[in-house]
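# Summary of structural features
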Amino acid sequence: NYDATTKSRANVDPNAVRDPAITAQLDAYLDKVLGPSIVRDLNANIQHAGEFVKAGTQHLINISRFAMDPLGTGHHEALHSFFARVREATPTGEVARVLERAASSAPVLNQLRRLLKDHPEALKQLSDPEEAAAYMYQFWAAKKLTVGSQTQSVFSQLAAAVRRVLGIWSND
C-alpha cells in the first residue's frame, strides 16, 4: 500500500468557463472506467490541470476548473488511478511496466512531444514513465496519438482484464 499524488501539468486558463455538459461527460466517464465510488472534484480550485491522490485505499481525482482540456485531463488522471489499482492487485507491476515501456518508445515520445509542445511543464513530466504512460493514454483516448499494434492490444487486453477483475473499466 502506497500513498501518492500526481499532477497533470498541462496548461490552464484562469479565465476558462467550462460548459456544464463537459463536466457531466467527465463525471460519466469516471463512473464508467473507475466506478461511482471514486472521489472526485471536477471543479477544483487548483492551478494545474488535474491531480490524482491516493491515500491508503482512497482514490481522489481533482480536475481544475481552469483546465483547458478537462476530458483529456480526466483520461490522464484515470490512468494514474488505474496504475494504483494494478499495483495493488499485481505487486510485480508487470502490466504497468508494459505501458511505461510503450510510452517510453521513440515513436510514442515523439508524438507526445509534438502534442505537448505548447505545455512546457507537461513536457518535463515525460521523463517519468508513469506520467508518459498517462499522457499516452490521454491522447490515445482522444484519438490524437497512434500506438503500435502491441500497445493497442495491451490497451484492449487491459480493459478486458480490469473489467473481469474489477467489473468497471471500459476503454470507451
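In this report, the structure presented in the accompanying data block is examined. (Residues numbered from 1 in each chain as written. Predicted model: local features only at pLDDT ≥ 70, side-chain atom pairs only at ≥ 80, totals over all residues. Heavy atoms only, no water.)

### Re the pattern of salt bridges
Applying the stated rule across the entire model yields 4 salt bridges. Its salt-bridge partner being Asp-27, residue Arg-40 comes within 2.7 Å of it at the nearest N-O pair. Of this pair, Arg-40 sits in strand β2 (residues 39–44) while Asp-27 is found in helix α1 (residues 20–34), placing the two residues 13 residues apart along the sequence. A salt bridge links Lys-117 to Asp-118; its shortest N-O distance comes to 3.7 Å. Across the pair, Asp-118 and Lys-117 agree in class, each one exposed. Taken together, the salt bridges that share partners define one network made up of Asp-27, Asp-31 and Arg-40. (Salt bridge = Lys/Arg side-chain N within 4 Å of Asp/Glu carboxyl O. Helix = DSSP H or I, 4+ residues; strand = E, 2+ residues; numbered from the N terminus. Buried < 20%, exposed > 50% of the residue type's maximum accessible area, 1.4 Å probe, protein only.)

### Overview of the packing of helix α2 (residues 70–89) against helix α3 (residues 94–103)
The contact between α2 and α3 brings their axes to 8 Å, and the two run at 140°. On the basis of the axis angle, α2 is oblique to α3. On α3, the residues touching Leu-79, Phe-82, Phe-83, Val-86 and Arg-87 of α2 are Val-95, Ala-96, Leu-99 and Glu-100. Class assignment of the residues belonging to the contact of α2 with α3 gives a composition of 7 nonpolar, no polar and 2 charged. (Axes fitted to C-alpha atoms, helices over the stretch in contact; angles between N-to-C directions. Parallel < 35°, antiparallel > 145°, perpendicular 65-115°, else oblique. Contact = heavy atoms within 4.5 Å. Nonpolar A, V, L, I, M, F, W, Y, C, P; charged D, E, K, R; others polar.)

### Here we look at the side chain of Gln-138
Assignment of secondary structure puts Gln-138 in helix α6 (residues 129–141). If near-sequence neighbours (up to four positions away) are discounted, Gln-138 is found in contact with Asp-69, Gly-72, Thr-73, His-75 and His-76.

### Here we look at α2
The periodicity of an α-helix, 3.6 residues per turn, causes residues three or four positions apart to be oriented the same way. Given a rise of 1.5 Å per residue, 20 residues ought to cover 28 Å, and the 28 Å separating the end C-alpha atoms of α2 matches this to within 8%. Along α2, 16 of the 20 residues are buried, which leaves the element largely enclosed by surrounding structure. (Expected span 1.5 Å × (residues − 1).)

### Some points on α3
Every buried residue belonging to α3 is among Ala-96, Leu-99, Glu-100, Ala-102 and Ala-103, and all of these are buried. Each buried residue of α3 lies within a common arc of 160° when the element is viewed along its axis, so the set occupies one face. Residues of α3 that are exposed and point more than 90 degrees away from the buried face comprise Glu-94 and Arg-101. (Arc of directions from axis to C-beta.)

The analysis is restricted to geometry; functional conclusions fall outside its scope.
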